[in-house]
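Coordinates in review
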Amino acid sequence: MASRVVTPALLLLLFSIFITFSPALCLKQHPLDPLTPSEFIHIKAIIHKAYPAQNLTFQYVGLDEPEKYTVLSWQSKSTTTTKSPPPPRRALVVTRLNKQTHEIIVDLSTRSIVSSKVHNGANGLPVLTLDEQTYANELPFKHEPFIKSIRKRGLDISQVVCSGFSVGWFGEAKSRRTLKINCFYTNGTVNLYVRPVEGIAFVVDLDEMEIIKYTDRFIVPVPKGEGTEYQASKQKPPFGPWLHGAPVVQSQGEGFSLEGHTIRWANWVFHLGFDVRTGTIISLASIYDLEKHKYRRVLYKGFVSELFVPYMNPTDDWYFKTFFDSGEFGFGQSTVSLEPLTDCPVNAKFMDAYYAGQDGIPVKISNAFCIFERHAGNILWRHTEVTIPNKVITEVRPEVTLVVRMVAVVGNYDYIIDWVFKPSGSIKLEVGLTGVLETEGVKYTKTDEIEEEVYGTLVADNTIAVNHDHFLTYHLDLDVDGEANSLVKNKMVTKRVKDPNIPRKSYWTIESETAKTESDAKLHLGLKPSDLVVVNPNKRTKPGNPIGYRLIPGSVAGPLLLEDDYPQIRGAFTKYNLWVTPYNKSEKWAGGQYVDQSRGGDTLATWSLRNREIENKDIVLWYTIGFHHAPCQEDFPMMPTLSGGFELRPTNFFESSPVLKVRTISPKHVPLPNCTTKN
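Residues numbered from 1 in each chain as written. Predicted model: local features only at pLDDT ≥ 70, side-chain atom pairs only at ≥ 80, totals over all residues. Heavy atoms only, no water.

1. Overview of the state of the cysteines
For the coordinates displayed, the defined rule picks out two disulfides. The disulfide bridge from C162 ends at C183, spanning 2.1 Å between sulfur atoms. Disulfide C162 to C183: torsion about the S-S bond roughly 95 degrees, handedness right-handed. Of this pair, C162 sits in strand β6 (residues 160-165) while C183 sits in strand β7 (residues 178-185), and the two are 21 residues apart along the sequence. Here the two residues C162 and C183 agree in accessibility, since each one is buried. A sulfur-sulfur distance of 2.2 Å marks the disulfide that ties C344 to C370. The S-S bond linking C344 to C370 shows a torsion near -85 degrees; that makes this disulfide left-handed. (Disulfide = S-S within 2.5 Å. Helix = DSSP H or I, 4+ residues; strand = E, 2+ residues; numbered from the N terminus. Buried < 20%, exposed > 50% of the residue type's maximum accessible area, 1.4 Å probe, protein only.)

Next up, the structure:
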């Protein structure tokens, strides 16, 4: 769990140090480094000086990054031995004060507020903080009608836990920041989400921090706790198979280096950042070209922009469960500490992360990231040649990759977010879904008892696991050897052979089309065979091919909700698997800057209505990976990890294979008793 690292007394001491000495930043600081604990303290002091009210809360504090050209200019002037002074550090601060949302830009170098404006809430409200969710979850236990409802069900209130859910928007005119509260029973298990107390619901006003609506409409049995416990120490025989861990021995030491937030590994160098809303941010990813003797940029910035999770139960107690895990709950804020040897292998190196709590005081997430070389037993490349007379030639190179991992836990789901770098120049983006299911308590124990639509699968007595989707939209600001890029759509077209003397009847070929505007680039993938490449049309290889990077999609899924359904209006950025927009610093969040109770007026879908030019421009790809989840009994009481992902792969980027001359350091010899020794 996250832990506070600064006490109020220490806050005053540190701030006095800031005032006594200069707030000048270390010259080695990278302009994209996440805000530090001392900077959060500095920001808190500046805001409270300008807004001395006691009831001010910090809803979001993040780096207000410099313009892209400023960062690239700084990078071009910096070397591995000499760093140019970084541009001035600024922070974007979103506060809540007197039921209004204030958007403030703070200049850390001058200790001043650059701009401040009030957001009226028409397009949504700020990210929910952990503190206000915690306070709201405690309110039911002081509410006498709720206490009576629990007694009426014969439950022990000391074993009841309540949790908040965002309320969405369904066409109504809203003025209050509200949260809905549902409760669960933990007697006999910590797997609380599989034991819902149905029929009871609260609505909490977050600004007043009071219950404004309470209902107790019906009673159904609370699902049983037996067999739902997932803690290893609580398991009883018979046990499953033993899994023997595979040791990773790196006798020559780790193969990557960390300098601040800059990571160097093999032929890659990139920057690792963190934000309370998105978590992992990969920036300035460049790969070394042996022939050109220089690093060439591939990706300026990439991160999970939004995660849309609509549940498919339209009843009064469930219809609002259409979550935006980044914009409503903060994917970074939901990051948890990684467990050595289980979440990450023995050769992993860990990094902490920090964000500002509701009171502005920095919160530390220990071991928020792990970075490790993965030796998975895969093959980087191989060939055995048997055609040459009297010779058998075998060349094999084992594949080693670098993985940057974080895990965000939003309620019942754990999301494993991996960025995987390959020496071939590929970047794989992988996501794993695990945790426990969101379930509904019902009266049924057998499927043949069900007399109505139940919107999911009966996975245990009195337990329906509800159908739902997961859509992760990635922001990918590709800079393929420079900022000016284009999207080329290579269509694979079947053609008939015209020469009657050739026995073949058909073949396929490629017809290329360059997307000129945003509307040209909106794509439903999987309907037709296609090949998508981001090219730099201004640079070509020696044979004349435009250099590029190919998008290799994973499994394709799109939304099944009607376009006029309110959750889909808010999540319209999932309508297409791929969007392309011109770079715009302010266009970061696919669901809009303010997502809680948003109305869909500020999303990727609305920005793209301008149909801007994207050919030979600085462009951003938005790619959505989707999962339709119809739960099954194997997902209960905990869900084995379901994985998906996609790949960015060099396409005519290099003059030839970049892994031909890759060398591997052989591990110490280990006897292989089951391997036949060659004579």
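2. Observations regarding the packing of aromatic side chains
The relation between two aromatic rings is expressed through the spacing of the ring centres and the mutual angle of the planes. According to the stated counting rule, one finds 30 aromatic pairs in the structure shown. Grouping aromatic residues by their ring pairs yields a cluster made of F165, Y311, W318, F323 and F329. Directly above the aromatic system of Y583 lies the positively charged group of K68, at a separation of 5.0 Å from the ring centroid. The cationic tip of R296 hangs over the ring face of F653; the distance from NZ or CZ to the ring centre is 3.9 Å. (Phe/Tyr/Trp six-rings, centres within 6.5 Å; stacked < 30°, edge-to-face > 60°. Lys NZ or Arg CZ within 6 Å of the ring centre and 35° of its normal.)

3. As for a nonpolar patch on the surface
Together, V190, Y230 and M638 line one region of the surface with nonpolar side chains, adding up to about 260 Å² of accessible area. With respect to the secondary-structure elements, Y230 resides in the loop between β9 (210-216) and β10 (256-259). Residue class for Y230 comes out partly exposed when judged on its relative accessible area of 42%. (Patch = residues over 30% accessible without salt bridge, like charges linked within 9 Å, V, L, I, M, F, W, Y side chains within 5 Å. Areas by Shrake-Rupley, 256 points an atom, 1.4 Å probe, with all protein chains shown as cover. Salt bridge = Lys/Arg side-chain N within 4 Å of Asp/Glu carboxyl O.)

4. A look at the confidence of the model for the protein chain
Mean pLDDT over the protein chain stands at 92; residues scoring 70 or higher make up 93%. Scored below 50 in pLDDT, residues 1-27 shows 40 contacts in the model against residues more than four places distant or in partner chains. (pLDDT = per-residue confidence, 0-100. Contact = heavy atoms within 4.5 Å.)

5. Considering helix α4 (residues 130-138)
The set of residues buried in α4 consists of E132, Q133, A136 and N137. Angularly, the buried residues of α4 cover 135 degrees about the axis, an arc narrow enough to put them on a single face. Contact partners of the buried residues in α4: β2 (57-63), β6, β7 and β8 (200-205). (Arc of directions from axis to C-beta.)

6. Brief notes about the domain arrangement of the protein chain
As assigned here, the protein chain comprises domain 1 (37-119), domain 2 (130-229) and domain 3 (256-485 + 515-523 + 534-651). One C-alpha centre belongs to domain 1, the other to domain 3, and the line joining them spans 27 Å. Each side of the interface is counted separately: domain 1 has 24 residues, and domain 3 has 27 residues. Together, F40, E65 and K68 form the three largest contributors to the area buried by domain 1 at its contact with domain 3, with a combined 30%. Joining domain 1 to domain 3, the criterion identifies five salt bridges. One salt bridge connects D64 with K585, and the closest N-O pair in it is separated by 3.3 Å. (Domains from an automatic or database assignment. Buried area = accessible area lost by both parts, 1.4 Å probe.)

7. Topic: the sheet that holds strand β25 (residues 463-466)
Spatial ordering of the open sheet is given by β23-β25-β24, a layout of three strands whose pairing is antiparallel. For this open sheet the edge positions go to β23 (439-441) and β24 (456-460), each flanked by a neighbour on one side alone. Shown here is a sheet whose adjacent strand axes are inclined to one another by a mean of 35 degrees, direction ignored. Alignment of β23 against β25, held across three bridges, turns out to be antiparallel. In the strand pairing of β25, G441 is matched with T463. (Pairing = 2+ DSSP bridges. Axes fitted to C-alpha atoms, helices over the stretch in contact; angles between N-to-C directions.)

8. Describing the side chain of T262
Position of T262 among the secondary structure elements: in strand β11 (residues 262-265). On the basis of relative accessible area, T262 is assigned to the buried category, the value being 17%. The contact partners of T262, leaving out residues within four places of it in the chain, are H30, S257, V269, F270 and H271.

9. Overview of the pattern of salt bridges
A complete count under the given rule lists 41 salt bridges for this structure. A salt bridge links K224 to D461; the shortest N-O distance between them is 3.5 Å. Of this pair, K224 sits in the loop between β9 and β10 while D461 sits in the loop between β24 and β25, and the two are 237 residues apart along the sequence. On the basis of relative accessible area, D461 is assigned to the partly exposed category, the value being 32%. One salt bridge connects K489 with E513, and the closest N-O pair in it is separated by 3.8 Å. With K489 in strand β27 (residues 484-496) and E513 in strand β28 (residues 506-514), this residue pair connects regions lying 24 residues apart in the sequence. Each member of the salt-bridge network shares a partner with another, and the members are K68, R297, D477, D479, E483 and D618.

10. Points about the UniProt feature "active site" (unreviewed entry) in the protein chain
Mapped onto this numbering, the UniProt entry annotates "active site" (unreviewed entry) at D325 and Y413. Judged by maximum C-alpha separation, these annotated positions cover 89 residues in sequence but sit close together in space, the widest gap being only 10.3 Å. Note that D325 resides in the loop between β15 (322-324) and β16 (349-356). Setting aside residues up to four positions removed in sequence, D325 forms contacts with E306, L307, V309, G330, F331, V410 and Y415. Its location among the elements puts Y413 in strand β21 (residues 413-421). (UniProt positions renumbered as here; feature names shortened; annotations may be inferred.)

11. A word on the nonpolar core
W268, I417, W419, F421, L472, Y474 and L476 are the most contacted members of the largest nonpolar core, which totals 112 residues. Dropping the residues within four chain positions of it, L476 is found in contact with L299, K301, G302, W419, L429, V620, L621, Y623 and F646. The next biggest cluster of nonpolar side chains, apart from the first, holds 17 residues, and it includes L35, I47, Y51 and A356. (Core = buried A, V, L, I, M, F, W, Y, C linked by side-chain atoms within 4.5 Å.)

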